[in-house]
Amino acid sequence: MQPMNAQMGGYDRAITVFSPDGRLYQVEYAREAVKRGTTAVGVKCSDGVVLIVDKRVSTKLLEQSSIEKIFKVDDHIAVASSGLVGDARALVDRARVESQVNRVTYNESIDVETLSKKICDHMQTLTQYGGARPYGTALLIAGISDGVPRLFETDPSGTLLEYKASAIGTGRPAVMKVFEEDYQEDMKIVEAIPMGLKALHAATEGKFDVNNVEIGVIGTEDGGFRRMSREEVDKYVENFNFDTPEEKQEEE
């Protein structure tokens, strides 16, 4: 009879084998890879969708512009990622192809939900067959469909959920706590950005470098995605008070 740890090793290594308690360990390990990634937040507003990411810079020798966490998929769709950047880039490339195929076939922009489902269907297939591992990344897919803002979240299992506001990455619990307290459905983009910055500040426990923040916006008026310039981001940062209650007490 094999030792218990040897028996568990089979469930641990094989993507196609369920453990006795109904778990796929490789999928759960992929989720852990996402939890180790930098924090990305998405907020659905009355006039669009906002994506904010914390681009962690490990050394001052690194060119910050080489770190890409927000990707443009189509004119009306953008993606923020957390986890393995290479995996995210592969999924973004696939999403771009799906968008263009839809445009060529039907002569119209792809629906945000349709694209999200196609990406999740692809992610899910890698949990069914041997010879390939699940994607170690999660995505926040934001876009405008028929003038309506949409925000979806994927995970390595292929699960797709729509949110009013959500976060992925290492700081998700802290961000979601802020969102549950402060989020309002009728808020505008100009109100959502400070809330997102506040949530990222909470997620980093005060160790927040505003110079590493990137913000992407998709508005309902023009329906197009754009990255905010450094000057625009700085304006929001200048008007935001990053002092935590503990920091204020220390100053007093």
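This text gives an overview of the structure that appears in the document. (Residues numbered from 1 in each chain as written. Predicted model: local features only at pLDDT ≥ 70, side-chain atom pairs only at ≥ 80, totals over all residues. Heavy atoms only, no water.)

## Brief notes about the sheet that holds strand S4 (residues 77-83)
Right, on to step 1. Across the sheet, five strands lie side by side as S3-S4-S5-S6-S7; this open sheet has antiparallel pairing. On the outer flanks of this sheet lie strand S3 (70-74) and strand S7 (160-162), each paired with one strand and no other. Mean inter-strand twist for the sheet, computed between neighbouring axes without regard to direction, equals 25°.
Right, on to step 2. Direction of pairing for S3 relative to S4: antiparallel, over a ladder of four bridges. Following the sheet pairing, Ile70 is matched in S4 by Ala80.
Right, on to step 3. Running at roughly 160° to strand S5 (residues 137-145), helix H4 (residues 112-125) makes contact with S3, S4, S5, strand S6 (148-154) and S7 of the sheet. (Pairing = 2+ DSSP bridges. Helix = DSSP H or I, 4+ residues; strand = E, 2+ residues; numbered from the N terminus. Axes fitted to C-alpha atoms, helices over the stretch in contact; angles between N-to-C directions. Contact = heavy atoms within 4.5 Å.)

## Considering the environment of Lys55
Right, on to step 1. Relative to the assigned elements, Lys55 resides in the loop between strand S2 (48-54) and S3.
Right, on to step 2. As a C-alpha pair, Lys55 and Ile70 span 15 residues in sequence and 9.8 Å in three-dimensional space.
Right, on to step 3. The contacts of Lys55, once residues within four sequence positions are left out, are Gln64, Ile67, Lys69, Asn212 and Glu214.
Right, on to step 4. A distance of 3.4 Å separates the side chain of Lys55 from the backbone oxygen of Gln64, its partner in a polar contact. (Polar contact = N/O pair within 3.5 Å; in protein donor to acceptor, adjacent residues only side chain to side chain.)

## Overview of the layout of surface pockets
Right, on to step 1. By volume, the largest pocket amounts to about 300 Å³.
Right, on to step 2. What lines the largest pocket is a set of 17 residues, and nearest its centre among them are Val34, Glu153, Asp155, Ile168 and Arg172.
Right, on to step 3. Going through the elements one at a time, helix H2 (25-35), S6, S7 and helix H5 (172-182) are the ones with two or more residues in the lining of the largest pocket.
Right, on to step 4. Element by element, the count of residues in the lining of the largest pocket is highest for H2, at three residues.
Right, on to step 5. Grouping the constituent residues of the lining of the largest pocket by class yields eight nonpolar, four polar and five charged. (1 Å grid on protein atoms, 1.4 Å probe; cavity = no way out; pocket = protein on both sides within 12 Å on 5 of 7 lines; lining within 4 Å. Points joined across faces, edges and corners; volume = space filled by probe spheres on them. Nonpolar A, V, L, I, M, F, W, Y, C, P; charged D, E, K, R; others polar.)

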